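Given next are the chains, with one letter for each unit.
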Amino acid sequence: MKHILIFGPPGAGKGTQAKLLVDKYKFMHLSTGDMLRDEIKRSTEIGLRAKAIIDSGQLVSDEIVAEMVRLRIRNMKDDAGIIFDGFPRTLAQARKLDEIMNGEKQEIAMMIAIDVHDEEIIKRILERGKISQRSDDRDINTIKNRIDTYNRQTAILADYYKQQAKFKSVDGIGTVEDIFKNICKLIEE
Ligand code: ADP
């Protein structure tokens, strides 16, 4: 089984590429953003707590997110592996993920970062906000906070995986198909 982290700032296209990878290689898609939005929709305790945090552009607590991930991995069936989309987002989450994977006798194969500059991601998120149901995609302050959160807490994860020689990246500017082809090349190398 090959487990892959899709990495990059909000709006980089992680979810889009993750879905294509799931179709092609039969991976299991693990998106903590989708999981949290599902909790909100179902008005669970986690959802009620997460909503305000998400709308402010900050991160939900490491404990809550890691526990959701742990349960999901434990219920993994015979998929080809997992595509992690939007997780880990902090150093604590990366360490927690290592712990969970060790417990399952599994290992992260690689992190694939999608490179996109700030100006482009703001444009993309605002476009997505016009059609998606996501409240965090409509407000410019929320979007700026999310980018700021990414730069302060998440971007350093690239170093964590570089140190383990697991870091790879693709140019995130171009057509969805071209970016997908480049990601597939990295996976099949
Ligand atoms: P995007 O990558 O476009 O920001 P996501 O769907 O991955 O979209 O995340 C939306 C929001 O959900 C984040 O801004 C954050 O508040 C919350 N979230 C998602 N994943 C995590 C995580 N691993 N840790 C903490 N918060 C998370």
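Rules used in this analysis
- Residues numbered from 1 in each chain as written.
- Predicted model: local features only at pLDDT ≥ 70, side-chain atom pairs only at ≥ 80, totals over all residues.
- Heavy atoms only, no water.
- Core = buried A, V, L, I, M, F, W, Y, C linked by side-chain atoms within 4.5 Å.
- Buried < 20%, exposed > 50% of the residue type's maximum accessible area, 1.4 Å probe, protein only.
- Helix = DSSP H or I, 4+ residues; strand = E, 2+ residues; numbered from the N terminus.
- Contact = heavy atoms within 4.5 Å.
- Near = heavy atom within 4 Å.
- Polar contact = N/O pair within 3.5 Å; in protein donor to acceptor, adjacent residues only side chain to side chain.
- Areas by Shrake-Rupley, 256 points an atom, 1.4 Å probe, with all protein chains shown as cover.
- Nonpolar A, V, L, I, M, F, W, Y, C, P; charged D, E, K, R; others polar.

## A word on the nonpolar core
In summary, soluble globular proteins display a tendency toward joint burial of nonpolar side chains.
Phase 1 of the analysis: Core analysis: the largest hydrophobic core is formed by 30 residues, its most contacted members being Leu30, Val69, Ile73, Phe84, Leu97 and Tyr161.
Phase 2 of the analysis: The element that contributes the greatest number of residues to this core is helix α4 (residues 62-74), accounting for five residues.
Phase 3 of the analysis: If near-sequence neighbours (up to four positions away) are discounted, leucine 30 is found in contact with Met35, Val69, Arg72, Ile73, Ile82, Ile83, Phe84 and Asp85.
Phase 4 of the analysis: Judged by nonpolar contacts, the second largest core, of 24 residues, contains Val170, Ile179, Cys184 and Leu186.

## Describing the site of the ligand
Phase 1 of the analysis: Inspection of the region around the ligand gives 20 residues, with Lys14, Thr32, Arg37, Gln58 and Gln93 positioned closest.
Phase 2 of the analysis: Here arginine 37 contributes a side-chain N or O atom positioned 2.9 Å from an oxygen atom of the ligand.
Phase 3 of the analysis: Relative to its unbound accessible surface of 550 Å², the ligand loses 96% to contact with the protein.
Phase 4 of the analysis: When grouped by side-chain class, the residues that make up the shell around the ligand number seven nonpolar, six polar and seven charged.

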